[in-house]
Amino acid sequence: MKKQKVTVILVSFFILLGAAFSFYYYYASKEIKKPKVAIQSIPGQSVRPFSFINQEGDTITRKVMDGKVAVIEYFYTTCKSICPKMNENMAKVYQAFRNSNDVIILSHTVDPLRDSVAAMKAYSLRFDADPEKWIFLTGDKKALYDQARYSYGMGVVDTTAEDISEDFIHTNIFVLVDKQGRLRMHLNKDGNPEAYDGTSEKSVHQMIEDIKYLQEEK
């Protein structure tokens, strides 16, 4: 009888031990699968106030980003190099979240002299863009450029573009901003932050997964 009790206790112990390890590996694997999206903003820093005009001719301010995950890009409508591929990929982001109320896309022009409200509207119609979800912005060039540099960390100068002033931001980078207005980047397997390349389907797919993570982030 005593031997049977010992056997029962040992069997129960190993069953409990196995269950504990099963739960541990289950939750550990869930944590491993979670995207790692690092905060790039310094403590207390967030997107600066702004006021631009959208494709409908309405004034858009910083408030449009409140409580939303935002994807930021800079492009121009007459661009024939990287911009078409960038917006082809941005359209995939738009389609992934067009029914979400907490994700927004802000596409700023770098050439506001040419990119009038009418030009931005015509461009947006290529993608059937809802002006509440995918917003094309024009306005004062200095304000647009200051926002790019000081809110989103952009500042690539391309002096080879035709008929564009020397001060010209032309970058393939998409910027991801969380609901608190902080810049975020994906951490690769080595733990290093990686910018989102708007010309790369793989990078944009990763950004879509990271947006889903930020939607649920507490």
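Quantities reported herein were computed from a predicted structural model and do not represent experimental measurements.

(A) Inspection of the side chain of Thr109 at higher detail. Counting through the fold element by element, Thr109 comes out in strand E5 (residues 103-109). The class for Thr109 is buried, based on a relative accessible area of 0%. Among the polar contacts made by the side chain of Thr109, one reaches the main-chain amide nitrogen of Asp111 at a distance of 2.9 Å. Within the local environment of Thr109, its side chain forms a polar contact with the side chain of Asp115, the two groups lying 2.4 Å apart.

(B) Quick peek at unusual backbone geometry. If you check the backbone angles, Asp128 has positive phi at about 50 degrees while not being a glycine. Residue placement: Asp128 occurs in the loop between helix H3 (117-125) and strand E6 (134-137).

(C) Focus on the pattern of salt bridges. By the definition in use, this model includes 12 salt bridges. Close ionic contact of Glu217 with Arg184 constitutes a salt bridge, the shortest N to O distance being 2.9 Å. With a gap of 33 residues between them, Glu217 in the segment after helix H5 (201-216) and Arg184 in strand E8 (residues 183-187) connect regions that are remote in the sequence. In this structure, Glu209 engages Lys212 in a salt bridge whose closest nitrogen and oxygen atoms are separated by 3.3 Å. Of the two residues, Glu209 and Lys212 both sit in helix H5, 3 residues apart, roughly one turn of that helix. Residue classification places Glu209 among the partly exposed positions, given a relative accessible area of 29%. Each of Lys85, Glu88, Lys92 and Glu201 takes part in one network of salt bridges that share partners.

How each quantity is defined
- Residues numbered from 1 in each chain as written.
- Predicted model: local features only at pLDDT ≥ 70, side-chain atom pairs only at ≥ 80, totals over all residues.
- Heavy atoms only, no water.
- Helix = DSSP H or I, 4+ residues; strand = E, 2+ residues; numbered from the N terminus.
- Buried < 20%, exposed > 50% of the residue type's maximum accessible area, 1.4 Å probe, protein only.
- Polar contact = N/O pair within 3.5 Å; in protein donor to acceptor, adjacent residues only side chain to side chain.
- Salt bridge = Lys/Arg side-chain N within 4 Å of Asp/Glu carboxyl O.

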